[in-house]
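Listed here are the chains, written in short residue letters.
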Amino acid sequence: MVTLDDLRVRRLGECRHDSTLAKYVGGRKTNEHYVDEDDRVLFDDTIELLASHGLPLGQVPTLEPGGPRRKLYFPPGATKVGVVTCGGLCPGLNDVIRGLVIELKNHYGIDDVVGFRNGYAGLNPALEYPPIELTPERVSKINTQGGTILGTSRGAQDPEIMVDRLVELGIDILFVIGGDGSIRGASKIAAVARGRDLPLAVIGIPKTIDNDIPYVGQSFGFQTAFTVAAQSIAAAQVEAQSAINGVGLVKLMGRYAGFIACYAALANHHADFVLIPEVPFALHGESGFLAALERRVAERGSAVVVVAEGAGQGLMTDAQTGTDASGNRKLGDIGRFLEGEIVGHYASIGRELNLKYLKPGYSIRSVPAKAHDSVYCVRLAQAAAHAGMAGRTDMVVGRRHNRFVHVPIDIVVSERNEVAPDGDLWLSVLESTAQPLEMR
Ligand code: F6P
């Protein structure tokens, strides 16, 4: 169970500088739309969960709210900032970079922002990727492009070397836009800086197309990704319905968590089956997937199957071993495997099958963010800029119960956000697809 102590954010020291935003927020009090900096956001959102701690209100788990402070740790105008994007692509990376640069310039008078290229590799001088200057002019239109103008890479670098580099460049605040592995790396940088007694703030902006980072609300880019994924499901349905015994099989990203598959399927209600890593299924037998598919095609003339890449890994004997540079286990190709199994099943029952296999994969994460995500990205960037200027460190910004909050890195990397098989999202998927409640 998360405790109040787990949620305390580290501070570099006392905030002595007047904030340029102080006059905007000075007279405000907490209300439905705003949380005062001295207030706290409840971690739990039901009476039962809150009561389960058996603690007085002041000791239940709560989070520090995001937003501008009246006093700052770093002096406006005289602070130097670095930004790095790490890991796989996600819609909205450029929106976050742009949001940071513009917020830092407009409200904190900061002209000195550098972008490290190609993930943490850009923080290792031996790899010779010189940083680039990020000015408001340079970033003004980057939100219209997918990807990241800084480049990205997977994998770690020695935190001692990265801190040396940050010191050499005189960086006061480092913003890390990355997934759980990169956020862990950010925490290591913060730890080295702390060990050397350096006033370096390290702020993470969690990024995951899979929406699998816990406690920080929906991750940016996720909404764009499932919107694009839903178009592939619609295409699969058109193909399936236009053929005799048509089956549209769509493989989507989602290594450990099936959020993209669930949301994309719910977006247009076309899927007959959604298969995700969190819910194991059997292939064979009366209650297995193949028999259920056969029944659905017989009833409706066609079917659409949406599978997340991490689903059904235990079914494949030739599952891959090893991990990628981010430490993620390599996956067997469940899409290709299911394609073979479905074709084999129809051959064995002597019935015609027309299967179309769609793999939208990278095309759902390389697109520019759609408007809703762009708004979220800019607001996360603003919250991150405020946190950094106030000398917070070893934390990420996120959104919990619709409030922007600061969350210590330790807690966001302590587990993974997954689709709960007994939660209401999966129930909605089962209601929408009318697939068997269990296929085991
Ligand atoms: O971790 C996010 C993610 O998009 C996964 O869904 C996917 O397995 C992986 O990245 C693929 O990334 P890449 O091929 O770039 O390493």
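These numbers come from a predicted model, not from an experiment. (Residues numbered from 1 in each chain as written. Predicted model: local features only at pLDDT ≥ 70, side-chain atom pairs only at ≥ 80, totals over all residues. Heavy atoms only, no water.)

**Student:** Please give an account of the nonpolar core that cites residues and values.
**Tutor:** Ile-97, Leu-100, Leu-104, Ile-205 and Phe-220 are the most contacted members of the largest nonpolar core, which has 73 residues in total. No fewer than three residues from each of domain 1 (5-220 + 369-400) and domain 2 (224-364 + 421-433) sit in this core. Leu-100 has contacts with Val-83, Phe-175, Ile-177, Ile-205, Ala-381, Ala-384 and Ala-385, leaving out every residue within four places of it along the chain. Met-162, Ile-171, Ala-190 and Ile-213 belong to the second largest nonpolar core, which has 36 residues in total. (Core = buried A, V, L, I, M, F, W, Y, C linked by side-chain atoms within 4.5 Å. Buried < 20%, exposed > 50% of the residue type's maximum accessible area, 1.4 Å probe, protein only. Domains from an automatic or database assignment. Contact = heavy atoms within 4.5 Å.)

**Student:** I'd like to hear about the sheet that holds strand 16 (residues 395-400), residue by residue, with values.
**Tutor:** With respect to topology, nine strands assemble into an open sheet ordered 3-4-17-16-10-9-6-7-8, the strand pairing being mixed. Edge positions in the open sheet fall to strand 3 (41-42) and strand 8 (132-133), since each of these has one partner strand only. The pairing of strand 9 (residues 173-178) with strand 10 (residues 201-206) spans six bridges and is parallel. Across the sheet, the residue bridging to Ile-177 is Ile-205, located in strand 10. Relative to the sheet, helix 3 (residues 93-108) contacts strand 6 (81-85), strand 7 (113-116), strand 9 and strand 10, its axis offset from that of strand 9 by approximately 160 degrees. Those strands touched by helix 11 (residues 371-389) are strand 9, strand 10, strand 16 and strand 17 (403-408), and its axis lies near 135 degrees from that of strand 16. (Pairing = 2+ DSSP bridges. Helix = DSSP H or I, 4+ residues; strand = E, 2+ residues; numbered from the N terminus. Axes fitted to C-alpha atoms, helices over the stretch in contact; angles between N-to-C directions.)

**Student:** I'd love a proper account of the site of the ligand, names of residues and values included.
**Tutor:** Neighbouring the ligand are the residues Arg-154, Ile-209, Asp-210, Met-253, Gly-254, Arg-255, Glu-309, Tyr-362 and Arg-365. The side chain of Arg-154 places a nitrogen or oxygen atom 2.8 Å from an oxygen atom of the ligand. Between the ligand and Arg-255 there is a distance of 3.3 Å, counted from an oxygen atom to a side-chain nitrogen or oxygen. Residue contributions to the shell around the ligand reach at least three from each of two domains, namely domain 1 (5-220 + 369-400) and domain 2 (224-364 + 421-433). (Near = heavy atom within 4 Å. Polar contact = N/O pair within 3.5 Å; in protein donor to acceptor, adjacent residues only side chain to side chain.)

**Student:** Describe unusual backbone geometry, with residues and values.
**Tutor:** Not every positive phi belongs to a glycine, and His-269 is a case in point at roughly 65 degrees. Counting through the fold element by element, His-269 comes out in the loop between helix 8 (259-268) and strand 12 (273-275). With a phi angle near 50 degrees, His-401 is a residue other than glycine that sits in the positive phi range. Along the chain, His-401 falls in the loop between strand 16 and strand 17.

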